[in-house]
Amino acid sequence: MKKYIALLFAFLIISCSGSGDNDSFNEPQNSGDNPPNNNGGGSNPNAWLIPKEDVRDGGPGKDGIPSVDNPQFFNISNGTYYNNNLVLGYLNNDPSKPVTLKDDDLVVGTIFKGIPNALPHVVLDWHEIVNHGSLTVSYCPLTGTAYGWEANSGGKNTTFGVSGLIYNSNLILYDRNTDSYWSQMRLECVNGALIGEKPTLINVVETNWKTWRELYPNTEVLSVNTGFNRFYGDYPYGNYKTNHDWFLFPATPSSDALPSKQRVYALTEGTNSKVFKFSSFENGKVIKTSFNNKDYLIVGNSKLIYGFELSAAFKDFDFEYEFNGEENAFFRDHEGNKWSVFGEVVSGSRKGQKLKGATSVVSFWFAIAAFYPNFDIYEGS
């Protein structure tokens, strides 16, 4: 039985303009209470697709953790360095306090309008949502999960914010078009006018900065110039990521099949999941597998794993891992085509052809067990 610690952290809310001192955490007075009366819109605002009694008040309140709605990106060719690490900006604009991105720091990577973008955890830990034009990237520090989806709700362009509510330790977003609530890991609107709707996903990967930089040496990077003052570079949740017995909120069901906070890659559908450990991909590997009656290709190494649905056209292809620092290329096929980490042929006779990215996520193990409890863990060497 996992030991749940009741200590909950909350941000001291600063003004919308971003002025004020750096935020710190205090224990909220209403931690663990049922959600307040801030349901989304709709004809039946009390209708939820998840047990309402399991929806927790996270403490900071709606937008208490502010989304980044005017993200500032810069190309690393224009970047500056401190102790050989890329400078993302400066705390309180103080040039003596650079915030840097180190090789092992995790980033969420995506391609936006043909341009590779890296969103560092050192920023996402403090904001959780970045609204970047037609793309919304969300990251939940408590479950270690990142998704990209279209910034659209009810057929209208919108932005998403942090609702202040938590389900199974995971972020609940709200859209600013209808004020409906969206469970990040369920990939579904769970309350409000759009209840039952699902977002249109956009491919993202999670890896360390060194790997992403080698794949995309001309990448743009999200800076800490967000309009808010935060202790960027300092992880706000103590030893949460490494303490397998420490939880800020409960998540059920649970499983001891793997250590609770172990990072895994998982294919997901319904309540089912197929789980891959990063240790299974040491030195690079390609795996063909099946999941929920579909064929998949999983490619990765100890720092990056991503999967694709295999259409009939590519089902019988032979693939092999090939990542040797060549720009964009991550694996190849028997015809000599080279493929990007997002499943697009970047050189060869099939240039421009694509595989469909799998519905999948990198996550702490406990969250996969809670949201996708019908799991199969790949045990190949």
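Predicted model, so just to flag it, every value in this text is computed and none were measured. (Residues numbered from 1 in each chain as written. Predicted model: local features only at pLDDT ≥ 70, side-chain atom pairs only at ≥ 80, totals over all residues. Heavy atoms only, no water.)

For the rest of this paragraph, the subject is the side chain of threonine 136. Tracing the backbone through its elements, the reader meets threonine 136 in strand 11 (residues 135-140). A residue is classified by how much of its surface remains accessible, and threonine 136, at 1% relative accessible area, is buried. One polar contact links threonine 136 to asparagine 131, side chain to side chain, over a distance of 2.9 Å. Not counting residues within four places of it along the chain, the set of residues in contact with threonine 136 comprises Ile129, Val130, Asn131, Tyr147, Gly148, Trp149, Ala151 and Phe160. (Helix = DSSP H or I, 4+ residues; strand = E, 2+ residues; numbered from the N terminus. Buried < 20%, exposed > 50% of the residue type's maximum accessible area, 1.4 Å probe, protein only. Polar contact = N/O pair within 3.5 Å; in protein donor to acceptor, adjacent residues only side chain to side chain. Contact = heavy atoms within 4.5 Å.)

A few words now on the pairing of strand 22 (residues 263-269). The buried fraction of strand 22 is high, at 5 of 7 residues. Note that strand 22 and strand 32 (residues 360-364) share 5 bridges and pair antiparallel. When the bridges of strand 32 are listed, arginine 263 appears paired with phenylalanine 364. Pairing between strand 22 and strand 23 (residues 272-277): 6 bridges, direction antiparallel. Along strand 23, the bridge assignment pairs valine 264 with lysine 277. Taken together, strand 22 and the strand that follows it, strand 23, pair antiparallel across an intervening segment of 2 residues, in which glycine 270 is found at a positive phi of about 60°. (Pairing = 2+ DSSP bridges.)

Another point: the packing of aromatic side chains. For the structure on display, the rule yields 31 aromatic pairs. An angle of 80° between the planes, with centres 5.6 Å apart, marks the rings of tyrosine 321 and phenylalanine 330 as edge-to-face. Over the ring of tyrosine 174 we find lysine 62, and its NZ or CZ is 4.4 Å from the ring centre. The aromatic ring of tyrosine 235 is capped on one face by lysine 241, whose charged end is 4.4 Å from the ring centroid. (Phe/Tyr/Trp six-rings, centres within 6.5 Å; stacked < 30°, edge-to-face > 60°. Lys NZ or Arg CZ within 6 Å of the ring centre and 35° of its normal.)

Pairing within the open sheet is mixed, and its 5 strands lie in the order 4-21-9-8-20. At either margin of the open sheet sits one strand with a lone partner, and together these are strand 4 (73-75) and strand 20 (205-208). For this sheet, the mean inter-axis angle between neighbouring strands, taken without regard to orientation, is 35°. Note: strand 8 (residues 106-112) against strand 20, 4 bridges, orientation antiparallel. (Axes fitted to C-alpha atoms, helices over the stretch in contact; angles between N-to-C directions.)

Within the chain, residue pLDDT values average 90, and 88% of them lie at 70 or more. Here residues 1-42 scores under 50 on pLDDT; set against residues more than four positions off or in separate chains, the count is 110 contacts. (pLDDT = per-residue confidence, 0-100.)

This part covers the pairing of strand 10 (residues 129-132). On any regular strand, side chains alternate: one points to one face of the sheet, the next to the other face. Going residue by residue along strand 10, you find Ile129 and Asn131 tucked away on one face and Val130 and His132 tucked away on the opposite face as well. Here strand 10 pairs with strand 11 via 4 bridges, running antiparallel. The residue of strand 11 that forms the bridge with isoleucine 129 is serine 138. Hairpin geometry of strand 10 and strand 11 is characterised by an intervening segment of 2 residues between the two adjacent antiparallel strands and by a positive phi of about 65° at glycine 133.

Here we take up unusual backbone geometry. Along the chain, threonine 252 connects to proline 253 via a cis peptide bond; the corresponding omega equals -5°. When you line up the elements, proline 253 lands in the loop between strand 21 (220-222) and strand 22. The phi torsion at asparagine 293 lies on the positive side, around 65°, for a residue other than glycine. Relative to the assigned elements, asparagine 293 resides in the loop between strand 24 (285-291) and strand 25 (294-300). On the accessibility criterion, asparagine 293 (84% relative accessible area) is exposed.

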